[in-house]
Amino acid sequence: MGKRIAIVGGGYVGAELAKTMDDIADVTLIEQRSHFVHAPAMIRALVQPSLVEESLIPYDRLLKRGRVVAARATQIDGGGVTLDDGARIDADYIVVATGSEYAAPFKPKGADIDGLRTANQAAREKLVSAKTIGIIGAGAVGVELAGEIAYAMPDKKITLITMDDKLFAAKPDSLGASLSKKLKSSGVEIILGEKAEGLASKTEPHAGSVTLGDGTQRAFDLIFPVLGAQPCSDLLKNLPGAEVTAAERIKTDGYMRPSSLPNVFAAGDVADPGDNMTIVAVSRQLPWLKKTLTGLITGRKLTDMKTYRPWGPEAPILLPLGPERGNSFLMLFTVGDWITQKMKGAHLFVSKYQKLLNRP
């Protein structure tokens, strides 16, 4: 228990890494929120309200030996982490996994868990009364949101608008084509290759209209702007040698280090080791971090260990369209409803994260 590990951020990387290292190191998890937020389930929570509380899971049972410090980190150096109240967490190794922000009502603003609850309820009330729904952005959130609403509220007229020429262009054509066909069969209108201008808000659901590239205006009772995640990278930007990408992520070296500080690592959405900003990326980063930190704690040299190998274009993606339908890409091929339902659609991994945080 001699080596001290400070983990900044209690999301998909930070929470599991902290729990894994708890038995072999002195672990401090620094997380400003009181609850772990299982963001993918917050999409379905708009049509299934019970999922809100199931997907907001307190951190108080996560660690048995280590501690969770409810604070915001403001500075990192080679010796530890400084918190917003001026307190200091000294550490031998630091992992920054501060994640990303997203439009309401899918992630909280800062530490405001009650605000997320309120935002979800407000959006759900607007959704119930709306007849026409515009979803701006057709990444994973936009496509899944369209599928969830179409499944649970088939009377709604849903329009999915994206500036891309097809869905999930980086994956095999069969994935986007299958998803498009299923969405259309559920009554969803898909507008491809059009940028929606004139959004009244890019972060909040609202009523209003957008203007397409050809000058056409489309008015909706409710618009969901789902234009992508914004990395929370401010903490890393000023580290020596830090390289900020166009997407505001921090480039990492082969050992997932975001700067010239040899004992500081970064992972998840905030880091760019060659992975996309997805939970799937974490599934490869986590075991590498566990193995590498364990090696360092037991006296191995970092340069004697294997570098991190990112997923690259072969990364899987699971895209349920409600609890029964969807498509997934599993490295070599695209699969349909049954496998997508069994792997994600039916349960959205809610029980997995409740178990991780030691909830009954």
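All of these numbers come straight from a predicted model, not from anything done at the bench.

### Concerning the overall build of the protein chain
From N to C terminus, the protein chain includes ten helices and 22 strands. Computed over C-alpha atoms, the radius of gyration of the protein chain comes to 21 Å, within 12% of the 21 Å expected from 2.2 N^0.38 for 360 residues, which places it in the range of a compact globule. Dimensions along the principal axes, computed over C-alpha positions, put the protein chain at roughly 60 × 40 × 40 Å. Burial statistics for the protein chain: of 360 residues in total, 52% are counted as buried. Considering only residue pairs separated by 6 or more positions, the protein chain has 62% of its internal contacts joining residues 24 or more positions apart. Taken as a whole, the protein chain presents about 15800 Å² of accessible surface, with 51% of it coming from carbon and sulfur. Computed over 44 positive and 40 negative side-chain charges, the inter-centroid distance for the protein chain is 5 Å.

### Some thoughts on the UniProt feature "domain: Pyridine nucleotide-disulphide oxidoreductase N-terminal" (unreviewed entry) in the protein chain
As annotated by UniProt and renumbered to match this structure, "domain: Pyridine nucleotide-disulphide oxidoreductase N-terminal" (unreviewed entry) occupies residues 4-52. End C-alpha to end C-alpha, residues 4-52 measures 34 Å, and it is 33% helix and 27% strand.

### Comments concerning the sheet that holds strand E6 (residues 73-77)
Spatial strand order, E6-E7-E8: three strands in an open sheet with antiparallel pairing. Here the strands that pair on one side only, and so sit at the sheet edges, are E6 and strand E8 (88-90). Taken pair by pair, the neighbouring strands of this sheet meet at an average axis angle of 20 degrees, ignoring direction. Direction of pairing for strand E7 (residues 80-83) relative to E8: antiparallel, over a ladder of three bridges. Among the inter-strand pairings, glycine 80 is bridged to a residue of E8, identified as aspartate 90.

### What about helix H8 (residues 279-297)?
Here H8 contains 19 residues, and its C-alpha end-to-end distance of 27 Å stays within 8% of the 27 Å for a straight helix at 1.5 Å per residue. The principal kink in H8, of about 25 degrees, is found at glutamine 285, preceding the proline proline 287 by one to four residues. Phi turns positive, to about 100 degrees, at glycine 299, one or two residues after H8.

### A short note on the pattern of salt bridges
By the definition in use, this model includes 20 salt bridges. Between lysine 290 and glutamate 16 there is a salt bridge whose closest N-O contact spans 3.3 Å. Placement of the pair is lysine 290 in helix H8 and glutamate 16 in helix H1 (residues 14-21), with a sequence separation of 274 residues. Judged by relative accessible area, which is 22%, glutamate 16 ranks as partly exposed. Across the pair glutamate 53 and arginine 117 runs a salt bridge, and its minimum N-O distance is 2.7 Å. Pair noted here: glutamate 53 is in helix H3 (residues 51-55) and arginine 117 is in helix H4 (residues 113-129), with a separation of 64 residues, a long-range link.

### Section: the side chain of arginine 284
Within the secondary structure, arginine 284 sits in helix H8. Within the structure, the side chain of arginine 284 is placed 3.2 Å from the backbone oxygen of proline 310, a separation counted as a polar contact.

### Points about the packing of H1 against H8
Viewed as axis vectors pointing N to C, H1 and H8 meet at an angle of 35 degrees, and their least axial separation amounts to 10 Å. For the element pair H1 and H8, the recorded crossing hand is right-handed. Residue-level inspection shows Glu16, Leu17, Thr20 and Met21 of H1 in contact with H8, the latter providing Leu286, Leu289, Lys290, Leu293, Thr294 and Ile297. Taken together, the residues of the contact of H1 with H8 sort by class into six nonpolar, two polar and two charged.

### So, the packing of aromatic side chains
Tallying each qualifying case throughout the model produces five aromatic pairs. Between the aromatic rings of tyrosine 12 and phenylalanine 36, the centroid separation amounts to 5.2 Å while the plane-to-plane angle is 80 degrees, which identifies the pairing as edge-to-face. Taken as a pair, tyrosine 12 in the loop between strand E1 (4-8) and H1 and phenylalanine 36 in strand E3 (residues 35-37) lie far apart in primary sequence, 24 residues in all. Taking relative accessible area as the criterion, tyrosine 12 reaches 16% and is therefore assigned buried.

### Focus on helix H9 (residues 337-345)
Taken together, the buried positions of H9 are occupied by Thr340, Lys344 and Gly345. Down the axis of H9, the buried side of the element spans an arc of 60 degrees, and every buried residue falls inside it. Among the exposed residues of H9, those pointing more than 90 degrees away from its buried face are Trp338 and Lys342. In this structure, the buried side of H9 is in contact with helix H2 (39-44), helix H5 (140-152), strand E20 (317-320), strand E21 (326-329) and strand E22 (334-335).

### Notes on the nonpolar core
Residues Ile5, Ile7, Leu17, Phe36, Phe265 and Leu293 are the most contacted members of the largest nonpolar core, which totals 37 residues. Those elements that place two or more of their residues in this core are E1, H1, strand E2 (26-30), strand E9 (93-96), H8 and helix H10 (350-356). It is H8 that contributes the most residues to this core, seven residues altogether. Residues within four places of leucine 17 in sequence aside, it is in contact with Ile7, Val95, Leu286, Leu289, Lys290 and Leu293. Counting 34 residues, the second-largest nonpolar core is a separate cluster that includes Leu175, Val188, Ile317 and Phe329.

The rules we used
- Residues numbered from 1 in each chain as written.
- Predicted model: local features only at pLDDT ≥ 70, side-chain atom pairs only at ≥ 80, totals over all residues.
- Heavy atoms only, no water.
- Helix = DSSP H or I, 4+ residues; strand = E, 2+ residues; numbered from the N terminus.
- Rg over C-alpha atoms; globule rule 2.2 N^0.38 Å.
- Buried < 20%, exposed > 50% of the residue type's maximum accessible area, 1.4 Å probe, protein only.
- Contact = heavy atoms within 4.5 Å.
- Areas by Shrake-Rupley, 256 points an atom, 1.4 Å probe, with all protein chains shown as cover.
- Lys, Arg positive; Asp, Glu negative; His and termini not counted.
- Charge placed at Lys NZ, Arg CZ, Asp CG, Glu CD.
- UniProt positions renumbered as here; feature names shortened; annotations may be inferred.
- Pairing = 2+ DSSP bridges.
- Axes fitted to C-alpha atoms, helices over the stretch in contact; angles between N-to-C directions.
- Expected span 1.5 Å × (residues − 1).
- Bend = angle between axes of the 7 residues up to and from the residue.
- Salt bridge = Lys/Arg side-chain N within 4 Å of Asp/Glu carboxyl O.
- Polar contact = N/O pair within 3.5 Å; in protein donor to acceptor, adjacent residues only side chain to side chain.
- Left-handed = near helix turned anticlockwise from the far one by under 90°.
- Nonpolar A, V, L, I, M, F, W, Y, C, P; charged D, E, K, R; others polar.
- Phe/Tyr/Trp six-rings, centres within 6.5 Å; stacked < 30°, edge-to-face > 60°.
- Arc of directions from axis to C-beta.
- Core = buried A, V, L, I, M, F, W, Y, C linked by side-chain atoms within 4.5 Å.

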